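Letter by letter, the chains look like this.
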Amino acid sequence: MPLRILIADDNPVVRAGLASLLATARDLVVVAQAADGREALSLTRRHAPDVILLDVRMPGVDGISALPHLVQLAPVLMLTYSQEPDVVREALLLGAGGYLVHGEFTPEDLVRAVRDVREGRAHFTTTAASALLAELRTSSQPQRSVARSSEGLHNSVLFGLSSREAEIMDLIASGMSNQQIAAACFISEKTVKNHINRIFAKLQSTSRSEAIARWLGTARPGVSGHG
């Protein structure tokens, strides 16, 4: 069965161009096109696409406003001219599975990105990846200084976590979902789950909340009600 695609962009020329690019792949088919976020939501409910290509700036309901509702129905790949770091970060935090900036991908790249996002693999073009890294480096500093106090700085040693596991535990403590962590770390959700299983074992925790409590210093191994 071909992957069913919905394109949401206010520019009809862009929609037609994307549809033509996707038509070069035998396993992809465009089932609907929307001019704004509201129409995208309506058509998604009607056609049940496998992947949604979503622009950021559209009149009426824009892509960012529609994104939280759309990701509940299908994986979303942002496909836009917007490359501001805060926009990239917000889109990923709201559940987008990837972010492509126009002019930075070939038809083959687009087809690969659609397939990747459908399978839960994050996909970014160069500008989007650079913007995300810049935003993460800027925004993570105050969070880390609060979340990881002088006592918490040696948590990775105390619990035996690797640097990658410590990084992922910080993201868990910040409230990120597995999908968001995968996008932020440029790894698959399966890899995130594997890391989390090892982290939970090392922290002797059975839930996210329990692991966060121990990581932030409000609980210690052996104190849990689980015994």
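No experiment lies behind these values; they were computed from the predicted model shown.

Here is what the cut-offs are and how they apply
Residues numbered from 1 in each chain as written. Predicted model: local features only at pLDDT ≥ 70, side-chain atom pairs only at ≥ 80, totals over all residues. Heavy atoms only, no water. Helix = DSSP H or I, 4+ residues; strand = E, 2+ residues; numbered from the N terminus. Contact = heavy atoms within 4.5 Å. Areas by Shrake-Rupley, 256 points an atom, 1.4 Å probe, with all protein chains shown as cover. Core = buried A, V, L, I, M, F, W, Y, C linked by side-chain atoms within 4.5 Å. Buried < 20%, exposed > 50% of the residue type's maximum accessible area, 1.4 Å probe, protein only. Pairing = 2+ DSSP bridges. Right-handed = clockwise from strand over helix to strand, strands pointing away.

1. As for the overall build of the protein
A count of helices and strands for the protein gives 11 helices and 6 strands. Sequence separation of 24 or more characterises 61% of the internal contacts of the protein that already satisfy a separation of 6 or more. Here the protein has roughly 11000 Å² of accessible surface; of this, 52% comes from carbon and sulfur atoms.

2. Quick look at the nonpolar core
Membership of the largest hydrophobic core comes to 31 residues, with the highest contact counts inside it found for Leu 54, Leu 70, Met 78, Tyr 99 and Phe 124. In this view, Met 78 contacts Leu 54, Asp 55, Val 56, Leu 67, Ala 91, Ala 96, Gly 98, Tyr 99 and Leu 100; residues no more than four positions away in its chain are not counted.

3. Examining the environment of Arg 208
Within the secondary structure layout, Arg 208 lies in helix H11 (residues 208–215). Its relative accessible area of 30% is what places Arg 208 among the partly exposed residues. Taking C-alpha positions, Arg 208 is 8.3 Å from Ala 173, a pair spaced 35 residues apart along the chain.

4. Some words on unusual backbone geometry
Even without being glycine, Ala 48 reaches a positive phi, approximately 50°. Tracing the chain through its elements places Ala 48 in the loop between helix H2 (37–47) and strand S3 (51–54). Of note in this structure, Gln 204 is not a glycine but carries a positive phi near 50°. Examined against the element boundaries, Gln 204 turns out to sit in the loop between helix H10 (189–202) and H11. Accessibility expressed as a relative area gives 48% for Gln 204, which makes it partly exposed.

5. Side note on the pairing of S3
Judged by which residues are buried, S3 turns out to be covered on both faces: Val 51 and Leu 53 on one side and Ile 52 and Leu 54 on the other are all buried. Inspection of the sheet shows strand S1 (residues 3–8) paired to S3 by 4 bridges, in the parallel sense. In the strand pairing of S3, Ile 7 is matched with Leu 53. With respect to chirality, the unit in which S3 leads through helix H3 (residues 63–70) into the neighbouring parallel strand S4 (residues 76–80) is right-handed.

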